Structure formats: structure tokens, C-alpha cells
Amino acid sequence: MLEPALLPTPLVDCTDGVFARAGVELRLKRDDLLHPSVPGNKWRKLAPNLAAAVEQGHTRLLTFGGAYSTHLRAVAAAAAALGLESVGLVRGEELADRPRNWSLRAAERSGMRLEFLTRAAYREAAGRAGAEDGAEDGAGDAAELRRRWGRCLVLPEGGSNALAAIGAAAIPAELPDLGGRDVVCCPVGTGGTLAGIAAGLPPGARALGVAVLRGGEGYLEAEVARLHRAGFGREFDNWRIDHAHHGGGYGKVPSELAAHAEEFERRHGIPVERRYVAKLLAALADLAQAGAFERGTRLTAVVTGLPDPE
């Protein structure tokens, strides 16, 4: 059985000079503490999909990720706990014959079968999964995936589909007294968490996403809008994405970003995941210093995951 999640996750006030000088409050939504094996936003996005898998009688999950994908590890752990098979399609056929890194080893230890694809084949397969978003078994663009790997629930890269966005929409409900001075912030990889947060906000409150990949202008906005239509039947105008703090691209952690994360850890005693959360916190500090937030604004940064163990 899957262990219960810690809900609601802790909300911690974070007194920090950079934000105080800008007249801005900062608090941290500690979703990194949500679940021991399916951490942070992965649990929120996976939980409704897992419920759907069980309800529909699926015995196998199929999903996608890179060599260090937290999503792959989370799906593997959750599937094993529920007695489901899992298949992970991994970007990069050259990895097949190499020693497994710590992340892929963890997925395999949980029972996930890994299949390594060329980057072109991966893009095609992941695109099929993303285009489906809710199609019935055997229907939609994911039908080809099922013909290859058998009957399964197909989860897109990063787990971001309509059900995932609905799961993430619970985050604002755990934040008391949200109103016109509030901005709820999160890193953005595939858009599901931001889509859910924006959809769950009360009138007046806003959402800010910080893109962690380079070159996502327009594409990520379109993905969030698509998830809104698929999950909630409408679009929302209470959110935006910052594209200036990706640190050079997905998975890139330049020395300045690492130093900022280390200093934040030293001041506040909170571990900072580098590829997503560090970029979010650095972006908020830069924007506050630049006067991008009105004085009196209250920022809530959603800490979406834990640092890598290695």
C-alpha cells in the first residue's frame, strides 16, 4: 500500500532581508515534505492518475523521463506500492549499455522496466502521450504506444495532464486568507503544477511560474492553457511565466545559482533542490530587488521537491 501523504503540508514564514527591503513577504509551502517516496508536486499530480488507473482496472503504467527524472522514480515507487507494473521510456538510447546512475537504479529497484529510446523516437512517443490527455484505452494518439507496450495507463512526461492539474489545484486551498496581495509561485517544467495552482486560486490572487527550461516562451504558456481547457473547461488569466531565470536550460545549475541556493540553505536551514526550486527562489529574489512586486505583496513559494541524494 502507498503510505499516506502529509496533508496539508507545512506553511513556513521566511524572513529574508532581500524581500523585507522590497516590502515583500515570503513564505514557503513545504511540499517537499509531502511524501517519503512520491515527493512534492509528483504526489499531487500522480494521486488522481493512480486513482483513475485502479478504477479503470489497469495493471501497468507507462511514462517518460530523462536520466535523472524524479517523475520516473515517483511513478516506479507508486506503482510498486499499488501492485502495478511500470514501464519507463528513457530519453537517450546511449544510456542502455552504461552503468545505471543513482536515479535510474532507484526506478529499477522499484520494479520499473526501462526502455531507452533515441531522442527522435522519444520526442515522437512523448508527443503521442501528451496529445491524448484523457482518451479512453486504445483511442487517441497513445494507441500506438499501447500496441507496442500493451494495455496500460499512459502518463505524459512530467505527469502533467488534466488530472494532474486538478490534483495541483488543491494547493491554494491549503493557503489561508488568499486575496489580492497574494502571488503563489512555483517552478515550471511541464506546466501541470502551475495550471492547477492558477485554477485553484480565489479571485484577486495570482500565480507566477518560473520556467526551468530554455526556449519555452510561448510553448509553456500554450501547455498551461491546454491543461486548463482539458481539466477545467476554461482558461484563466491570473497567471504568468517568467522565462529569465532558467539558468541556461533544463538541468543546468550555474555556479551563481548553486551559491544562491547554498546561502539560502545556510540562512534558513531548509534544503534547496537545485534544478527547480533553486531557480524559483533566485527568480523571486531578483524580481523583488528589481521592484517587480508591489510593496505589501505576499509571495508563497511552493517547494516542489527534495534535493537529489547524490
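Above this text you will find the structure in question.
Residues numbered from 1 in each chain as written. Predicted model: local features only at pLDDT ≥ 70, side-chain atom pairs only at ≥ 80, totals over all residues. Heavy atoms only, no water.

Asker: Give a description of the overall build of the protein chain that names residues and reports values.
Answerer: Of regular secondary structure, the protein chain possesses eleven helices and ten strands. Taken against the 2.2 N^0.38 rule, which gives 19 Å for 310 residues, the C-alpha radius of gyration of the protein chain at 19 Å falls within 12% of a compact globule. Oriented by its inertia axes, the alpha-carbon framework of the protein chain measures out at about 55 × 45 × 35 Å. Going through the 310 residues of the protein chain one by one, you find that 55% of them count as buried. For the protein chain, the proportion of contacts with a sequence separation of at least 24, taken over those separated by at least 6, is 73%. (Helix = DSSP H or I, 4+ residues; strand = E, 2+ residues; numbered from the N terminus. Rg over C-alpha atoms; globule rule 2.2 N^0.38 Å. Buried < 20%, exposed > 50% of the residue type's maximum accessible area, 1.4 Å probe, protein only. Contact = heavy atoms within 4.5 Å.)

Asker: Now, about the nonpolar core: what can you tell me, with residues and values included?
Answerer: Judged by nonpolar contacts, the single largest core of 30 residues is most densely connected at Phe 19, Leu 26, Leu 28, Leu 284, Phe 293 and Leu 299. For this core, the leading source of residues is helix α11 (residues 277-289), giving ten residues. When residues no more than four places from it in sequence are discounted, the contact partners of Leu 26 are Asp 13, Cys 14, Phe 19, Leu 284, Leu 299 and Ala 301. (Core = buried A, V, L, I, M, F, W, Y, C linked by side-chain atoms within 4.5 Å.)

Asker: An account of the sheet that holds strand β7 (residues 182-188) is needed here, citing residue identities and associated values.
Answerer: Judged by pairing direction, the sheet is mixed, and its six strands sit side by side in the order β1-β2-β10-β7-β8-β9 without closing on themselves. A strand with exactly one partner marks an edge of an open sheet, and here the two such strands are β1 (11-13) and β9 (239-242). Taken pair by pair, the neighbouring strands of this sheet meet at an average axis angle of 25 degrees, ignoring direction. In the sheet, β7 pairs with strand β10 (residues 298-302) via four bridges, with the strands oriented parallel. Each bridged residue has a counterpart across the sheet, and for Val 184 the counterpart in β10 is Thr 300. (Pairing = 2+ DSSP bridges. Axes fitted to C-alpha atoms, helices over the stretch in contact; angles between N-to-C directions.)

Asker: Let's hear about the packing of aromatic side chains: which residues, and what values?
Answerer: Evaluation of the coordinates by the stated rule reveals four aromatic pairs. Relative to Phe 236, the ring of Phe 232 has its centre 6.0 Å away and its plane inclined at 85 degrees; by these criteria the two rings are edge-to-face. A residue is classified by how much of its surface remains accessible, and Phe 232, at 27% relative accessible area, is partly exposed. When the ring of Tyr 250 is compared with that of Tyr 276, the centres are 5.9 Å apart and the planes differ by 75 degrees; the resulting orientation is edge-to-face. You can see Tyr 250 sitting in the loop between β9 and α10 (255-268) and its partner Tyr 276 sitting in the loop between α10 and α11, a full 26 residues away along the chain. (Phe/Tyr/Trp six-rings, centres within 6.5 Å; stacked < 30°, edge-to-face > 60°.)

Asker: Any details on the packing of helix α3 (residues 70-81) against helix α4 (residues 102-109)? Residues and values, ideally.
Answerer: Across the interface, α3 lies against α4 with an axial gap of 8 Å and an inter-helix angle of 15 degrees. The angle between α3 and α4 falls in the class roughly parallel. When the axes of α3 and α4 are compared, the crossing they make is left-handed. Here Leu 72, Arg 73 and Ala 76 of α3 come into contact with α4, specifically with Trp 102, Ser 103, Leu 104, Ala 106 and Ala 107. (Parallel < 35°, antiparallel > 145°, perpendicular 65-115°, else oblique. Left-handed = near helix turned anticlockwise from the far one by under 90°.)

Asker: Can you break down the packing of helix α2 (residues 40-55) against α3 residue by residue, with the values?
Answerer: The relative placement of two packed helices comes down to the angle between their axes together with the axis-to-axis distance. Between α2 and α3, the shortest axis-to-axis distance is 11 Å and the interhelical angle comes to 45 degrees. Relative to α3, the element α2 is oriented oblique. Every pair of crossing elements has a handedness; the one defined by α2 and α3 is right-handed. Contact with α2, carried on its side by Lys 42, Leu 46 and Leu 50, involves Thr 70, His 71, Ala 74, Val 75 and Ala 78 of α3 and no other residues of that element. Here the residues of the contact of α2 with α3 are counted per class, giving five nonpolar, two polar and one charged. (Nonpolar A, V, L, I, M, F, W, Y, C, P; charged D, E, K, R; others polar.)

Asker: Got a sec to walk through α10? Specific residues and values, please.
Answerer: Between the first and last C-alpha of α10 there are 20 Å, a value that for 14 residues agrees with the 20 Å anticipated at 1.5 Å per step. On its buried side, α10 packs onto β2 (25-29) and α11. Positive backbone phi, approximately 70 degrees, marks Gly 269, located one or two places after α10. (Expected span 1.5 Å × (residues − 1).)

Asker: Account for the sheet that holds strand β4 (residues 85-91), with residues named and values stated.
Answerer: By definition, the strands of a sheet pair up through backbone hydrogen bonds, in either a parallel or an antiparallel sense. Spatial strand order, β5-β4-β3-β6: four strands in an open sheet with parallel pairing. Strand pairing shows two members of the sheet lacking a second neighbour, β5 (113-117) and β6 (153-154), which therefore form its edges.

Asker: Any details on the pairing of β5? Residues and values, ideally.
Answerer: Taking burial as the measure, the five residues of β5 include four buried ones, the bulk of the element. Inspection of the sheet shows β4 paired to β5 by five bridges, in the parallel sense. Bridged to Arg 91 within β5 is Leu 117.

Asker: Can you break down the pairing of β7 residue by residue, with the values?
Answerer: Of all seven residues making up β7, seven are buried, and the element is well covered by its neighbours. Note that β7 and strand β8 (residues 206-211) share six bridges and pair parallel. Its bridge partner lying in β8, Pro 187 is registered against Val 210. As a crossover connection, the stretch from β7 through helix α8 (residues 192-200) into β8 is right-handed. (Right-handed = clockwise from strand over helix to strand, strands pointing away.)

These values are about where atoms sit, not about what they do.
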